[in-house]
Amino acid sequence: MASIVQQGANPPMASVTRLSLAVEGMTCASCVGRVERALKAVPGVQTAAVNLATERADITFAGLADPQAAVRAIEGAGYTVREQTTELAIADMTCASCVGRVEKALAKIPGVLEATVNLATERARVRHLAGVVSTEDLEAAVERAGYKSRRLSDGTAGAGDQDAERREGEALALRRDLLIAAILTLPVFVLEMGSHLIPAMHHWVMGVLGEQTSWYIQFALATLVLFGPGLRFFRKGVPALLRGAPDMNSLVSLGTAAAYGYSLAATFVPGVLPAGTANVYFEAAVVIVTLILLGRTLEARAKGRTSQAIKRLVGLQAKTARVSRNGETVEIALDQVATGDVVLVRPGEKIALDGEVVEGASYVDESMISGEPVPVAKGVGAEVVGGTINKTGAFSFRVTKIGANTVLAQIIRLVEQAQGAKLPIQALVDKVTMWFVPAVMAAAALTFLVWLLFGPDPALTFALVNAVAVLIIACPCAMGLATPTSIMVGTGRAAELGILFRKGEALQALRDVGVIALDKTGTLTKGRPELTDLVTAEGFEYDEVLALVAAVETRSEHPIAEAIVAAARLRGITPAPIEGFEATPGFGVSAKAAGRTVAVGADRFMTRLGLDVSPFLPAAQRLGEQGKSPLYAAIDGRLAAVIAVADPIKETTPAAIAALHALGLRVAMITGDNAATAAAIARQLGIDEVAAEVLPDGKVAALKRFRIDGARVAFVGDGINDAPALAEADVGLAIGTGTDVAIEAADVVLMSGDLRGVPNAIAISKATIRNIKQNLFWAFAYNAVLIPVAAGALYPVNGMLLSPIFAAAAMALSSVFVLGNALRLKRFRAPMAVGAGAGTPADLARAAI
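Residues numbered from 1 in each chain as written. Predicted model: local features only at pLDDT ≥ 70, side-chain atom pairs only at ≥ 80, totals over all residues. Heavy atoms only, no water.

- The protein is annotated in an unreviewed UniProt entry as P-type Cu(2+) transporter of Massilia glaciei.
- As stated in UniProt under Catalytic activity (unreviewed entry), the record for the protein gives "Cu(2+)(in) + ATP + H2O = Cu(2+)(out) + ADP + phosphate + H(+)".
- What UniProt states about the protein under its Sequence similarities (unreviewed entry) heading is, verbatim, "Belongs to the cation transport ATPase (P-type) (TC 3.A.3) family. Type IB subfamily." (UniProt positions renumbered as here; feature names shortened; annotations may be inferred.)

See the structure below:
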């Protein structure tokens, strides 16, 4: 049901249109009044009623509704109108001009804010005002443009299955038509071209069959080809031509119809043609159809391969789950599992859905989401992700997410969105291709006239052959496929490497960044304090000191205390009971453990206790240079050890920083730590610039400072506390978010917590954009060079003309070439191995395809 309703009123009243908009941000009656006043000021609005409870504005226009004006008025009053996005599967598109016409038709609908159509995925994504535009409105607009559409279902797997079935059906029909066309075309080609090329064949045709009989046979077979397998081109091309919106099918229809019609006249009414021009070109018409069907068949196969990443992701989903219900274990379909159900997992089984372990323990292979090949230990309370593989043990988990909310479903959705994106580089292509087919038709007409007026005898024959060659050789298919196929393959390969491009535009933007700004905590470091150093004095053992210090720290809730206790437990040390615990704010803590007096704190605490810390001065200086703050431990009145607890740098961070430098990038660090600690870490890692003592809301200002001389800045953060900075950066990369992929502020999500994913993301961005440029160069250069050749530009120089048959072969191959080039991205190798040992910076040089 559409929300724009046109009402025909009784005369003499004028017709009115009612519009209902969903308004967000209203909190009270005064908000309602402001919105109503703003709407009533819009020209053409008769009435405006706003309901706070339903958050809707009902507007009556005198005449046609103007949704955009109403939205501007609401936004001007300080409120927003709810938007939504609808995805449609579009059928029957064949070239870039089809894409432009569908986008134009959708954009004309009142209430549509943006429409993008992708030829490779055969999908349209329409952003429109919620409640103003219905799916029926969108489908009707697509149908008026001459194409078919259907709304994609919300279930990712279901939509994928439907698309796969439709594509397979189309591929089967193409293969069938190609086989029929090839069988019927072969005799025509042999009869006509054989007579020209092989003298013995010419004598046999003339002596046994006769020229006229040969032409009759060719006519019969050509008719079967054109109005059998070739009818698909006329069914789509002729209506498009009549609508004044010609496409690739129109060019093929015109070219083959011209060759067939001319041959028809030469066969049955040769007297209407000038003397000496009665030649047949049945073979050109049928070979053109067969070769283009061959190109379409190869193109369909290649398109299927471009979407293999999605197929593999969908294939990771389990089909059934073993659920405990009413004291029994039953195996049920996945769509019957509900949140809260307890699922049992045996060794080697695929985990069905997302959940939390409630019983048992095991190791789980999570490489599908993190890229890490090492199985992860799972015990009670641990989170598990659907699609991952259980290894050794058995356990049960409670389902927390089902359907479209699971991590795997979100990953699939993100990859599909990125694959359907339109990069800025595509804007020029869109402008060119909208006018390309009409321009080719004009060029063909001009070619015909020039050859007819100035060409040698038989001028009509030369004019026809060259005009048909121009029509056939032009290929907007290659232009339309150049960008989307590379995006599909590139983002799919990135997903296999644990790199999710939430926005396809980030593919282009990431290639151009000059500065990589890194959040420290959780990005460069592990994000949790650990005991990094414990240097004992003479006469004390490491485990002895650690046991006593950990015993005292069990009473403290400070993160440093927790790190010391955790280190003791990792070494199998059970802290002894303590008594007389005392905390001195700003100094340290003390207590008796195992009958011994223990004090832990800063150097000033040791001085208060009358202890000299100078023996540990070299060690303390070394720790300070590393950005660590030393603590001291005293046992029974003697200085026993110097201790450091810090957020340790991840083992993979130095290699990742070196790789970013190898790419020619400046690396910056943003942290809330004090300047001395930040400078120490920067020196240790070779970081170029530092913004220290920065509060969360100051990260945006720091990013602006890094934009020196207009440099583009990418920010890498944990995706939770860094949302403003992720949104402000030219490209935001969320790292270490394996079980929370829907980070709205980030452009790119790195499923692994490994910083080496950043140079990998940049490398695949560069490879994809390079691939797109190769495709575009080929598509444009192909047309720029071969259209003049087809028109006969070389004839005055060397007498060369291009047969329509070779033109058809070249046209079919151009699309296949573009698709084949895009598929090379499937072989992209990450310059840095994630989880399996760091690559070297030199590997980056070998990342090129």
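### What to know about the UniProt feature "transmembrane region" (unreviewed entry) in the protein
And step 1. Here, the residues flagged by UniProt with the feature "transmembrane region" (unreviewed entry) are residues 178-201, 213-231, 251-273, 279-298, 432-454, 460-483, 776-795 and 801-823.
And step 2. A helix fraction of 85% and a strand fraction of 0% characterise residues 279-298, whose end C-alpha atoms lie 33 Å from each other.
And step 3. Overall, residues 776-795 shows 85% helix and 0% strand. The separation of its end C-alpha atoms is 28 Å. (Helix = DSSP H or I, 4+ residues; strand = E, 2+ residues; numbered from the N terminus.)

### Concerning a nonpolar patch on the surface
And step 1. Taken together, the side chains of Leu446, Leu449, Val450, Leu452, Leu453 and Phe454 make up a nonpolar region of the molecular surface, amounting to roughly 620 Å² of accessible area.
And step 2. Checked against the element boundaries, Phe454 lands in helix H14 (residues 426-454). (Patch = residues over 30% accessible without salt bridge, like charges linked within 9 Å, V, L, I, M, F, W, Y side chains within 5 Å. Areas by Shrake-Rupley, 256 points an atom, 1.4 Å probe, with all protein chains shown as cover. Salt bridge = Lys/Arg side-chain N within 4 Å of Asp/Glu carboxyl O.)

### Some remarks on the environment of Phe234
And step 1. Within the secondary structure, Phe234 sits in helix H8 (residues 231-242).
And step 2. Here Phe234 falls in the buried class, since its relative accessible area comes to 15%.
And step 3. Separated by 22 residues in the primary sequence, Phe234 and Thr256 place their C-alpha atoms 9.7 Å from one another. (Buried < 20%, exposed > 50% of the residue type's maximum accessible area, 1.4 Å probe, protein only.)

### Quick look at the packing of helix H7 (residues 211-226) against helix H9 (residues 248-268)
And step 1. It is the contact of H7 with H9, at a shortest axis distance of 11 Å, that shows an interaxial angle of 150 degrees. Classified by the angle between their axes, H7 and H9 sit roughly antiparallel to one another. The two elements H7 and H9 meet at a crossing, and its hand is left-handed. In this structure, H7 contributes Gln212, Trp215, Tyr216, Phe219, Ala222, Thr223 and Leu226 to the contact, and H9 contributes Thr256, Tyr260, Leu264, Ala266, Thr267 and Phe268.
And step 2. Classifying every residue of the contact of H7 with H9 gives nine nonpolar, four polar and no charged. (Axes fitted to C-alpha atoms, helices over the stretch in contact; angles between N-to-C directions. Parallel < 35°, antiparallel > 145°, perpendicular 65-115°, else oblique. Left-handed = near helix turned anticlockwise from the far one by under 90°. Contact = heavy atoms within 4.5 Å. Nonpolar A, V, L, I, M, F, W, Y, C, P; charged D, E, K, R; others polar.)

### With respect to the side chain of Thr447
And step 1. Along the polypeptide, Thr447 turns up in helix H14.
And step 2. For Thr447, a relative accessible area of 7% puts it in the buried group.
And step 3. The contacts of Thr447, once residues within four sequence positions are left out, are Asn466, Ala467, Val470 and Ala791.

### Examining unusual backbone geometry
And step 1. A cis geometry characterises the amide bond from Asp457 onward to Pro458, with omega recorded as -10 degrees.
And step 2. Tracing the sequence through the fold places Pro458 in the loop between H14 and helix H15 (459-473).
And step 3. With a phi close to 80 degrees, Asp92 is a non-glycine residue in the positive phi region.
And step 4. Examined against the element boundaries, Asp92 turns out to sit in the loop between strand S6 (83-91) and helix H3 (96-107).
And step 5. The exposure class assigned to Asp92 is partly exposed, which follows from its relative accessible area of 23%.
And step 6. In this structure, Asp636 is a non-glycine residue whose phi angle is positive, near 55 degrees.
And step 7. Mapped onto the elements of the fold, Asp636 is located in the loop between strand S25 (630-635) and strand S26 (638-646).

### Overview of the sheet that holds strand S9 (residues 148-151)
And step 1. Here we have four strands laid out as an open sheet, ordered S7-S8-S6-S9, and antiparallel in their pairing. Strands at the two margins of the open sheet, each flanked by one partner only, are strand S7 (112-118) and S9. Adjacent strand axes in the sheet meet at a mean angle of 25 degrees, parallel and antiparallel pairs treated alike.
And step 2. The pairing of S6 with strand S8 (residues 123-129) spans seven bridges and is classified as antiparallel. Pairing of Leu88 across the sheet is with Ala124, part of S8.
And step 3. The strands touched by H3 within the sheet are S6, S7 and S8, with S7 carrying the most contacts at an inclination of about 165 degrees. (Pairing = 2+ DSSP bridges.)

### Observations regarding the nonpolar core
Side chains of a nonpolar character, in soluble globular proteins, are inclined to be buried together.
And step 1. One finds Leu21, Leu39, Leu106 and Ile516 to be the most contacted residues of the largest nonpolar core, which totals 151 residues.
And step 2. When residues in this core are grouped by element, the largest group, 14 residues, is from helix H27 (residues 757-791).
And step 3. With residues near it in sequence (within four places) discarded, Leu39 still touches Val45, Ala48, Val50, Ala57, Ile59, Ala70, Ala73 and Ile74.
And step 4. Counting residues in hydrophobic clusters, the runner-up holds 43 residues, among them Ala537, Ala599, Phe605 and Ala644. (Core = buried A, V, L, I, M, F, W, Y, C linked by side-chain atoms within 4.5 Å.)

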